[in-house]
Amino acid sequence: MTTKHVDHVTGVETTGHEWDGIRELNKPLPRWWVWTFYATIIWSIGYWVAYPAWPTLVGYTKGVLGYSQRATVTEEVATARAAQGSRREALASTPLDQIKANPDLLRFAMAGGGAAFGTNCAPCHGRSAQGFVGYPNLNDDDWLWGGKIDEIYKTIQYGVRSGHKQAQDSQMPKYGIDKLLDDKQIDDTAEYVLSLTGKATNTAAAERGKKIFAEQCVSCHAEDGKGKADLGAPNLTDAIWLYGGEKPAIVESIRTGRGGVMPAWQGRLDAVTLKALAVYVHSLGGGR
Ligand code: HEC
Ligand code: HEC
């Protein structure tokens, strides 16, 4: 043992360690701190025993209290479901067109439909259902597949070109890709389509395009260009465009036939949620 050395300035004993003439004061941790430290260690051991704590090769230590957040959540969800139970039943048994007559049921359907829309539909149709290029706005009264509540319900259940047997299905020919029309004919037809909204810049071309339209397009878009909802063929005479109303977008639509796909939701969402979604979308403003 070396002899004790006391620092003159502070009057505190040093540890005897010295670097370049600098000595380390011997100042141990306060007792109360050390005891608190030990106490927390003991507490943590108790905690490991009581609660799920350590990962193991096949799972984790469960703890003697049997606490599980998953079980708690499952229980809470079950309680919430039970509370909603009677309304869910009412929604399931009420025909679609009668739901709006019952304010309580309508509120329930709107809340459920709105929540389900936010999770499942917003990624494609937008938070407020405003749509994007290729993804229709669901707030307006312009419908590809019909805006009556049972038509909307059908679209949601089975999707569009989704591969489901009952899907809303039809395919505009790929006039350019499949060489059904050459570039000039496509350009002429696009001019005619533009003329339907008074935007054509070349009347001679539009005149030629009119003949092609009559031969090729009216079976789906109708004589007047207003479209047919049973074929999902949009109205070409209004200001609402799924893919764009400028000439390059129209040429591209004729060239490729587009063919947007919306997934089928039956089987992915339960029947009550599907109904609530139909009510919600129908209520967005454009329902017929
Ligand atoms: C993966 C993207 C995608 C998701 C997710 C999606 N949709 Fe769609 N939806 C589309 C596309 C694309 C169309 C247009 C199909 C077409 O070109 O005819 C469409 C069309 C529709 C239509 C028909 C609109 C009309 O004018 O007739 C309705 C109604 C609709 N969606 C509702 C929903 C609802 C409700 C959900 C959520 C449960 C949903 N969609 C989720 C892509 C999607
Ligand atoms: C077999 C039916 C069918 C025929 C024939 C057809 N279309 Fe279409 N057309 C559709 C459908 C369905 C859509 C919607 C595609 C989608 O939703 O992705 C569409 C979309 C369009 C669009 C895009 C509209 C928008 O809002 O962006 C244009 C433009 C168009 N068609 C023009 C034509 C022209 C011009 C012809 C004739 C040369 C034609 N179509 C022939 C069914 C048809």
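The structure reproduced in this document is the subject of the present report. Keep in mind the model is a prediction, meaning the values are calculated, not measured. (Residues numbered from 1 in each chain as written. Chains lettered and ligands numbered in written order. Predicted model: local features only at pLDDT ≥ 70, side-chain atom pairs only at ≥ 80, totals over all residues. Heavy atoms only, no water.)

Section: the coordination of the iron atom of ligand 1
Working step 1: Every protein donor of the iron atom of ligand 1 is accounted for by H125 (NE2) and M262 (SD), and the metal-donor separations fall at 2.0 Å.
Working step 2: Between the six donor atoms coordinating the iron atom of ligand 1, the angles at the centre fall across 88 to 179°, so the site counts as octahedral. Of this pair, H125 sits in helix α3 (residues 103–125) while M262 sits in the loop between α8 (247–256) and α9 (271–283); the two residues are 137 residues apart in sequence, bridging distant segments of the chain.
Working step 3: Judged by relative accessible area, which is 18%, M262 ranks as buried. (Donors = N, O, S within 2.8 Å, 3.2 Å for Na, K, Ca; no water. Tetrahedral: all angles 85-135°; square planar, octahedral: opposite > 155°, others 65-115°. Helix = DSSP H or I, 4+ residues; strand = E, 2+ residues; numbered from the N terminus. Buried < 20%, exposed > 50% of the residue type's maximum accessible area, 1.4 Å probe, protein only.)

Re the site of ligand 2
Working step 1: Taken together, 28 residues surround ligand 2, and among them M172, C217, C220, H221 and Y243 come closest.
Working step 2: Between Y243 and ligand 2, the recorded distance is 2.5 Å, taken from a side-chain N or O atom to an oxygen atom.
Working step 3: Broken down by secondary-structure element, the contributors of at least two residues to the shell around ligand 2 are α5 (183–196), α7 (218–221) and α8.
Working step 4: Looking at side-chain class alone, the shell around ligand 2 contains 15 nonpolar, 11 polar and two charged residues. (Near = heavy atom within 4 Å. Polar contact = N/O pair within 3.5 Å; in protein donor to acceptor, adjacent residues only side chain to side chain. Nonpolar A, V, L, I, M, F, W, Y, C, P; charged D, E, K, R; others polar.)

Focus: the packing of aromatic side chains
Working step 1: Under the counting rule described, the total for this entry stands at eight aromatic pairs.
Working step 2: With centroids separated by 5.8 Å and ring planes inclined at 25°, the aromatic side chains of W33 and F37 adopt a geometry described as stacked. Remark: F37 and W33 occur in helix α1 (residues 31–50); sequence separation between them is four residues, near one turn of the helix.
Working step 3: Residue W33 is classed as partly exposed on the basis of its relative accessible area, which comes to 39%.
Working step 4: Judged by centre distance (5.6 Å) and plane angle (45°), the ring pair of F117 and Y280 falls under tilted. Taken as a pair, F117 in helix α3 and Y280 in helix α9 lie far apart in primary sequence, 163 residues in all. (Phe/Tyr/Trp six-rings, centres within 6.5 Å; stacked < 30°, edge-to-face > 60°.)

Concerning the packing of helix α4 (residues 149–158) against α9
Working step 1: Taken N-terminus to C-terminus, the directions of α4 and α9 make an angle of 125°; their axes are 9 Å apart at the nearest point. Put simply, α4 runs oblique to α9. Classified by chirality, the crossing of α9 by α4 is right-handed. Packed against α4, whose contacting residues are I149, I152, Y153, I156 and Q157, the element α9 presents L274, K275, L277, A278, V279, V281 and H282 at the interface.
Working step 2: Class assignment for the residues of the contact of α4 with α9 results in nine nonpolar, two polar and one charged. (Axes fitted to C-alpha atoms, helices over the stretch in contact; angles between N-to-C directions. Parallel < 35°, antiparallel > 145°, perpendicular 65-115°, else oblique. Left-handed = near helix turned anticlockwise from the far one by under 90°. Contact = heavy atoms within 4.5 Å.)

Quick word on the side chain of T256
Working step 1: Mapping T256 onto the fold places it in helix α8.
Working step 2: Excluding its chain neighbours within four sequence positions, the residues that come into contact with T256 are K174 and I177.

Some words on the side chain of R88
Working step 1: Mapped onto the elements of the fold, R88 is located in helix α2 (residues 69–93).
Working step 2: A relative accessible area of 19% means that R88 is categorised as buried.
Working step 3: Sequence-distant contacts of R88, defined by excluding residues within four places in its chain, comprise R81, F108, D270 and V272.

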